[in-house]
Structure formats: structure tokens, C-alpha cells
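Single-letter residue listing:
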Amino acid sequence: ICIMGSMPPGCADSTYAEIYERISGPDTLCEIDSVAGLEPLFKAMADKEERGQIIFKVNASELCKLAGVKKSNNEVDGISREELLAAISGFLARYSPDAVQALTAIAVTDGRHPAHLAIFEDEKVFHMYKVPVSSLPTDRILFPIGAGDAVAAGTLAAWQCLVQTTKGGSACLSSELQAALQSHIEGIEAAKDPTAASLLTALSFGLACGSASCLEEENSVLQSSEVLNLFGKGKPALLSSYPI
């Protein structure tokens, strides 16, 4: 399930929560790329006894707004480590305890700057990783509108593919992309933790999709060859672990 964008006009604030309640199961992978209806959505997720894994994907500016944290730098400079941690803490405090109980991880994107992935070990600790973003050519016109949607789509596609193949299912991406995912997941230090390795590889792939979409004039369109060129240029790194 991918929950994206603003709430359609005329829908109740609980619409996304009701959809999740009806169609999710113990093996469901869910990615939230929206700030609409979060309170009822997190509550529905936390209350569900058998739920799958859930990622909340949000850009740094949106996270700061949700948390009530002032972001001192503009989009060009990116978010500071202190602001990022304050924003995550403020967000979790605002939506506690449901968000902590429901979420597997929070993915924070920051334009051309490195993204961050906070993976919850339990309801007391999360591990923070930095996930690099590939540099794009400086001699080409870039089209960033829709890149966030491409990141979300690529992340969910890679995540689903990794989980399915781990369980012996068929791959949902091309053989070339599947091989790239497998090579990436085997090469990161977090591979000793299968959940972390899958999430970090999926987000890395999603970021490559977002970067590739910036090379195409049409919004959120990308070429798989460009994704392969951009994917895996840098490896995710564990920064530290923090109390909730």
C-alpha cells in the first residue's frame, strides 16, 4: 500500500485510516508519503494486531513543520543533524504513542542532500542511518518536479521485490534491477540485520529513481538505465542510536 498526497476533497480525515484497516494484513508493506490524516492513520495502524511493516516517508521541511521545529537552513543548504533529531523527537512526541508503535522506520529526504533513515529497534530506541544521494550532471537541465513521487514509487517497488524474493517469491522488477538490488544489499554493513538491510537498499534505490526522474522533462518519468547508473554510488552509513 502506498498512501500518497493530500486527502481528496470531501473525504473525512479518517479516510486513509479506514482504507488501511480494510485492506492491510500481516504481510502488508505500507509506505506513507502524505501528511494528511496522520493522527487517525497512526492510531488505526497501532491498533491493528496483525500488521506488516510501515515506513513514513517525509521531506525534511515537512517533518520540521509537523514537529514544530524551525529549520534554519534553506533547501540549498539542507537540514542540520541537530534539527533533524529535534524534528524526529518532536514528531514522535506529537503522535505518541501510536506512531512509535506502528512505524518500522521514518525516511527523511532532503532534496539533493543525503537522506536519513530512522529504524525503530523497539519503542525505546531508533538507529539513524545516512543514505547518500547521487550527484547529477551539472551540464544538463534538471526537472525536479515529481522526483519525490519517483522516490516513493522506487522505494516501495524495491522493498516489495526484496521481501518477495526473500520469501521465495518471484521478482517484481527486471533481472538487471533485481541483480543491482541483491548486490547492494549484500554490500552494506547492515546486512546482518535483514530488515535494516532491506529498508536501506530500498530507500537507496528510491533515491536513485528520484534522481533519474530529474533527468526527464516529464514529471516522475525515468529510465531504468539511468537508475542503474545512479544506484549504489555510495553506501548507507550508521550514524548512531538514539533513545525515543
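Numbers given to residues run from 1 along each chain, matching the order in which its sequence is written. In view of the model being predicted, local features appear only for residues whose pLDDT reaches at least 70, and side-chain atom pairs are presented and counted only at 80 or more, with totals across whole chains, interfaces and linings using the full set of residues. Note: side-chain values were computed over all heavy atoms of the structure, leaving out hydrogens and water.

For helix α7 (residues 175–187), give the residues involved together with the corresponding values.
Here α7 spans 18 Å end to end across 13 residues, near enough to the 18 Å set by a 1.5 Å rise per residue. Classification of residues uses two cut-offs on accessible area relative to the type maximum, computed with a 1.4 Å probe and protein chains only: under 20% is buried, over 50% is exposed, and between them is partly exposed. Helix numbers and strand numbers start at the N terminus; a helix is a DSSP run of H or I with at least 4 residues, a strand a run of E with at least 2. Of the residues making up α7, those classed as buried are Leu-177, Gln-178, Ala-180, Leu-181, His-184 and Ile-185. Axial view of α7: buried residues confined to an arc of 160 degrees, hence all on one face. Opposite the packed face of α7, turned more than 90 degrees from it, sit the exposed residues Ser-175, Glu-176 and Glu-186. To estimate the expected span of a helix, count its residues, drop one, and scale the result by 1.5 Å. Comment: arc refers to directions from the helix axis out to C-beta atoms.

Describe the nonpolar core, naming the residues involved and giving the relevant values.
Ranked by size, the top nonpolar core spans 38 residues in total, and within it Ile-32, Phe-42, Met-45, Phe-56, Phe-91, Leu-103 and Ile-106 carry the most contacts. Contacts between residues were defined by any pair of non-hydrogen atoms, one from each residue, lying within 4.5 Å. With sequence-adjacent residues up to four places away left out, Phe-42 is seen in contact with Ile-32, Phe-91, Tyr-95, Asp-98, Ala-99, Ala-102 and Leu-103. By convention a nonpolar core is built from buried Ala, Val, Leu, Ile, Met, Phe, Trp, Tyr and Cys residues, the set being connected through side-chain atoms within 4.5 Å. Within the second largest apolar cluster, 36 residues are counted, among which are Leu-117, Leu-181, Leu-207 and Leu-230.

Explain the side chain of His-116 to me, and be specific about the residues and the numbers.
Its place among the elements puts His-116 in strand β5 (residues 113–120). Among all residues touching His-116, those that are not within four sequence positions of it are Leu-84, Ile-106, Ala-107, Val-108, Met-128, Tyr-129, Lys-130, Leu-203 and Leu-239.

Just distances and angles here, no functional claims.
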